[in-house]
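Structural description and commentary
Chain by chain, the residues:
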Amino acid sequence: MKKISRKVKIGFILLVVGIFIMSFKHTKFQQAVFTAPASADAKVNPLKGDANATAEGKKTYDANCAICHGSKGLGDGIAAAGLSKTPANHSSAAIQKLTDGAIFWKISEGNNPMPSYKSIFSETQRWQLVNYIRTLAKQPKK
Ligand code: HEC
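Keep in mind it's a predicted model, so treat the numbers as computed, not measured. (Residues numbered from 1 in each chain as written. Predicted model: local features only at pLDDT ≥ 70, side-chain atom pairs only at ≥ 80, totals over all residues. Heavy atoms only, no water.)

**A word on the nonpolar core**
Counting residues in each nonpolar core, the largest one holds 16 residues, and the members touching the most others are Tyr61, Ile103, Ile107, Trp127, Leu129, Val130 and Ile133. Of all the elements in the fold, those that place two or more residues in this core are α3 (51-64), α6 (100-109) and α7 (123-135). For this core, the element with the highest residue contribution is α7, accounting for 5 residues. Non-local contacts of Ile103, meaning those with residues more than four positions away in its chain, are made with Ile95, Leu98, Val130, Ile133 and Arg134. (Core = buried A, V, L, I, M, F, W, Y, C linked by side-chain atoms within 4.5 Å. Buried < 20%, exposed > 50% of the residue type's maximum accessible area, 1.4 Å probe, protein only. Helix = DSSP H or I, 4+ residues; strand = E, 2+ residues; numbered from the N terminus. Contact = heavy atoms within 4.5 Å.)

This is how it looks when you write it as structure tokens:
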């Protein structure tokens with residue numbers, strides 16, 4: 001019990017901080033359907049296949065994204081229930097069929113309540129996240 005309540009507390013604090021940060025950007029144009037422009041697809045992932053980068057991406061993901069997207073990327077993080085939109089399920093075919101460039105663009109730009117990370121994480125860190133999201137793909141049952 002104690003363990004869970006502590007997690008919830010930390011989650012709540014992170015959520016409040018997140019909302020506070022996002023409130024500065026509330027005027028940003030919001031898309032009804034979160035879609036990357038075709039030009040994003042042309043961006044080549046400079047870290048593709050780099051295992052160290054993927055490991056770094058996991059660290060960033062666990063610390064910053066799992067609160068909403070869940071530790072396995074299923075869209076079931078502890079803050080998910082309080083959002084106006086369900087966080088994307090990163091293991092889903094819909095996400096996995098996106099190009100690396102499109103995922104990179106979405107992490108960079110955000111779409112409220114999904115935060116924009118271009119001024120928070122370097123390009124390298126954002127590509128590391130793309131690498132890690134690839135590992136969340138739903139595995140076919142064996
Ligand atoms: C405050 C909660 C929250 C946090 C934190 C968050 N996301 Fe999201 N994310 C969302 C929501 C909600 C959506 C769906 C937005 C939409 O559909 O308009 C989303 C969508 C996305 C998408 C787009 C999926 C698609 O529809 O194609 C990607 C990629 C993504 N998030 C990656 C990340 C990464 C990587 C991080 C951490 C660096 C992160 N998110 C942190 C809430 C969050």
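**Focus: the side chain of Ser91**
Secondary-structure assignment places Ser91 in the loop between α4 (66-69) and α5 (93-96). Since its relative accessible area comes to 8%, Ser91 is described here as buried. Only 2.7 Å separates the side chain of Ser91 from the side chain of Asn89, close enough to count as a polar contact. Ignoring anything within four residues of it in the chain, the contact list for Ser91 reads Gly73, Leu74, Gln96, Leu136, Ala137 and Lys138. (Polar contact = N/O pair within 3.5 Å; in protein donor to acceptor, adjacent residues only side chain to side chain.)

**Remarks on the packing of aromatic side chains**
Ring pairs (aromatic) are described by centroid distance and by the angle formed between their planes. Per the stated rule, a full pass over the model turns up 4 aromatic pairs. Between Phe34 and Trp105, the aromatic rings sit 6.4 Å apart at their centres with planes inclined by 50°, giving tilted as the arrangement. Taken as a pair, Phe34 in the loop between α1 (2-23) and α2 (38-41) and Trp105 in helix α6 lie far apart in primary sequence, 71 residues in all. (Phe/Tyr/Trp six-rings, centres within 6.5 Å; stacked < 30°, edge-to-face > 60°.)

**Observations regarding a nonpolar patch on the surface**
Among the surface-exposed residues, Ile13, Val17, Phe20 and Ile21 lie close enough to one another that they form a single nonpolar patch of about 380 Å² accessible area. Of note, Ile13 is situated in helix α1. With a relative accessible area of 52%, Ile13 lands in the exposed category. (Patch = residues over 30% accessible without salt bridge, like charges linked within 9 Å, V, L, I, M, F, W, Y side chains within 5 Å. Areas by Shrake-Rupley, 256 points an atom, 1.4 Å probe, with all protein chains shown as cover. Salt bridge = Lys/Arg side-chain N within 4 Å of Asp/Glu carboxyl O.)

**Quick word on the site of the ligand**
Looking at the ligand, there are 24 residues lining it, with Cys65, Cys68, His69, Lys106 and Met114 nearest. One of the side-chain N or O atoms of Lys85 is found 2.7 Å from an oxygen atom in the ligand. Contacts to the ligand include Asn111, whose side-chain N or O atom sits 2.8 Å from an oxygen atom. Among the cavities detected, the one that contains the ligand is the largest pocket. Taken together, the elements giving at least two residues each to the shell around the ligand come down to α4, α6 and α7. At 3 residues, α6 tops the list of elements feeding residues into the shell around the ligand. (Near = heavy atom within 4 Å. 1 Å grid on protein atoms, 1.4 Å probe; cavity = no way out; pocket = protein on both sides within 12 Å on 5 of 7 lines; lining within 4 Å. Sits in = over half its atoms within 2 Å of the grid points.)

**Notes on the layout of surface pockets**
One number sums up the size of the largest pocket: a volume of about 1200 Å³. Listing elements by their share of the lining of the largest pocket, those giving two or more residues are α1, α3, α4, α5, α6 and α7. Split by residue class, the lining of the largest pocket holds 30 nonpolar, 12 polar and 5 charged. Around the second largest pocket sit 15 residues that line it, and Lys7, Asp62, Ala66, Ile67 and Ile78 are the ones nearest its centre. When residues of the lining of the second largest pocket are traced back to their parent elements, those giving at least two are α1, α3 and α4. In terms of residue count, α1 provides more of the lining of the second largest pocket than any other element does, 4 residues in total. Broken down by class, the residue content of the lining of the second largest pocket amounts to 7 nonpolar, 5 polar and 3 charged. (Points joined across faces, edges and corners; volume = space filled by probe spheres on them. Nonpolar A, V, L, I, M, F, W, Y, C, P; charged D, E, K, R; others polar.)

**Considering the coordination of the iron atom of the ligand**
For the iron atom of the ligand, every protein donor is listed as His69 (NE2) and Met114 (SD), and the spread of their distances is 1.9 to 2.1 Å. Residue classification places Met114 among the partly exposed positions, given a relative accessible area of 22%. (Donors = N, O, S within 2.8 Å, 3.2 Å for Na, K, Ca; no water.)

That is the geometry; function is a separate question.
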